[in-house]
Amino acid sequence: MQLIASIAQMQSLALALKQQGKHIAFVPTMGFLHEGHASLLREGRRRGDLLVLSIFVNPIQFGANEDLERYPRDMERDCRIAAECGVDIVFTPAAAAMYPAGFQTSISVRELTRPLCGASRPGHFDGVATVVGKLFNIVQPDLALFGTKDYQQLAVIRRMTADLSMPVTVVGMPIVREADGLAMSSRNAYLSPDERQSALCLYRAINAVRAMYTAGERSVALLLDSAQAIIRQEPAAEIDYLEFRDGETLETAATAVDGTLLAMAVKIGKTRLIDNTLLGKEL
Ligand code: AMP
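Residues numbered from 1 in each chain as written. Predicted model: local features only at pLDDT ≥ 70, side-chain atom pairs only at ≥ 80, totals over all residues. Heavy atoms only, no water.

(A) Local environment of the domain arrangement of the protein. Taken domain by domain, the protein consists of domain 1 (2–173) and domain 2 (186–273). Here the C-alpha centre of domain 2 lies 27 Å away from the C-alpha centre of domain 1. Every contact between the two is made by 18 residues of domain 1 and, on the other side, 16 residues of domain 2. Summed over both partners, the interface of domain 1 with domain 2 comes to about 1500 Å²; 58% of that surface belongs to carbon and sulfur atoms. By the criterion of area lost to domain 2, the three top residues of domain 1 are R70, L116 and Y151, representing 39% of everything that side buries. Across the domain 1-domain 2 interface, the total number found is one salt bridge. (Domains from an automatic or database assignment. Contact = heavy atoms within 4.5 Å. Buried area = accessible area lost by both parts, 1.4 Å probe. Salt bridge = Lys/Arg side-chain N within 4 Å of Asp/Glu carboxyl O.)

(B) Broad picture of the pattern of salt bridges. For the coordinates displayed, the defined rule picks out 14 salt bridges. For E43, the salt bridge identified is with R47, shortest N-O distance 3.4 Å. Taken together, the residues E43 and R47, both in helix α2 (residues 35–47) and four residues apart, mark about one turn of the helix. Of the residues examined, R47 reaches a relative accessible area of 40% and is grouped as partly exposed. Of the charged contacts, one joins R204 and E234 as a salt bridge, the two residues approaching to 3.3 Å between their closest N and O atoms. With R204 in helix α9 (residues 200–214) and E234 in the loop between α10 (220–232) and β7 (237–246), this pair connects stretches of sequence that are 30 residues apart. A residue is classified by how much of its surface remains accessible, and R204, at 38% relative accessible area, is partly exposed. Look at E234 and you get buried, because its relative accessible area is 16%. (Helix = DSSP H or I, 4+ residues; strand = E, 2+ residues; numbered from the N terminus. Buried < 20%, exposed > 50% of the residue type's maximum accessible area, 1.4 Å probe, protein only.)

(C) Up close: helix α3 (residues 75–84). Buried within α3 we find D78, C79, I81 and A82. Seen along its axis, α3 keeps its buried residues to an arc of 165 degrees; they face one direction. For α3, the exposed residues lying more than 90 degrees away from the buried face are E76, R80 and E84. Tucked inside the fold, the buried residues of α3 contact β1 (2–4), β3 (50–55) and β4 (89–91). Of the residues trailing α3, G86 is marked for its positive phi of about 85 degrees. (Arc of directions from axis to C-beta.)

Structure below.
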């Protein structure tokens, strides 16, 4: 496994490999890897000749009062997991190299970024689209893998890739959960033991809604009431958003149908967690 920090070196290596006809699979991350990341890496390993993992805590996708400075980092452990997953290249650019003085270009996906996390985190998805677009140009992937845990992010990347005719196949992968249902996230490391317990309310709400839907309930208002009630039972939890939306367009859903997205962001203490599910689809 090779570690590369230089953008120029990564790009020239990728271009040379492509010339040899190699198919590059790419998993962009912010590091502090867990089993969710590993599932993306293993699928990338299966589908590509060459597997590239990027670890970059992207400053331009964090708001002024967010957790950029304290975002968890452990490069040694990440490299161990990467090696276990068969990664060929770990790309770890420096922020100053990614955004040198004079940098002024942004990719903005308009409609898909208005609701949900886009509304709570202004500018977040411009930062995500810009860095992913830039990483695609550096790494030259044929295939890029993303988790549906970040459902809106995946929709934004798919849209950007199609709109800008990027020659990359975007693959969405299922949410990997802890044994008790909590969606894996690097940010789970912020949770105290009590908060870790409280955080289960997200999954409880998802399961309650899924059960009601399976039993035939189609009223968004009633499904919403039930999910909100479950989360409000947790004193440490504060709903940022909890919404039903069309799984493709992310427009507000009038009634629940197969493929309707339930998406939520909930603060547990100071930690903001997201989770989601598609009704009528497998968990
Ligand atoms: P992050 O390091 O949080 O930026 O995540 C990097 C990639 O891993 C993104 O495509 C995420 O959607 C994906 N990911 C994060 N958590 C999970 C999870 N629990 N299950 C599946 N994919 C995940």
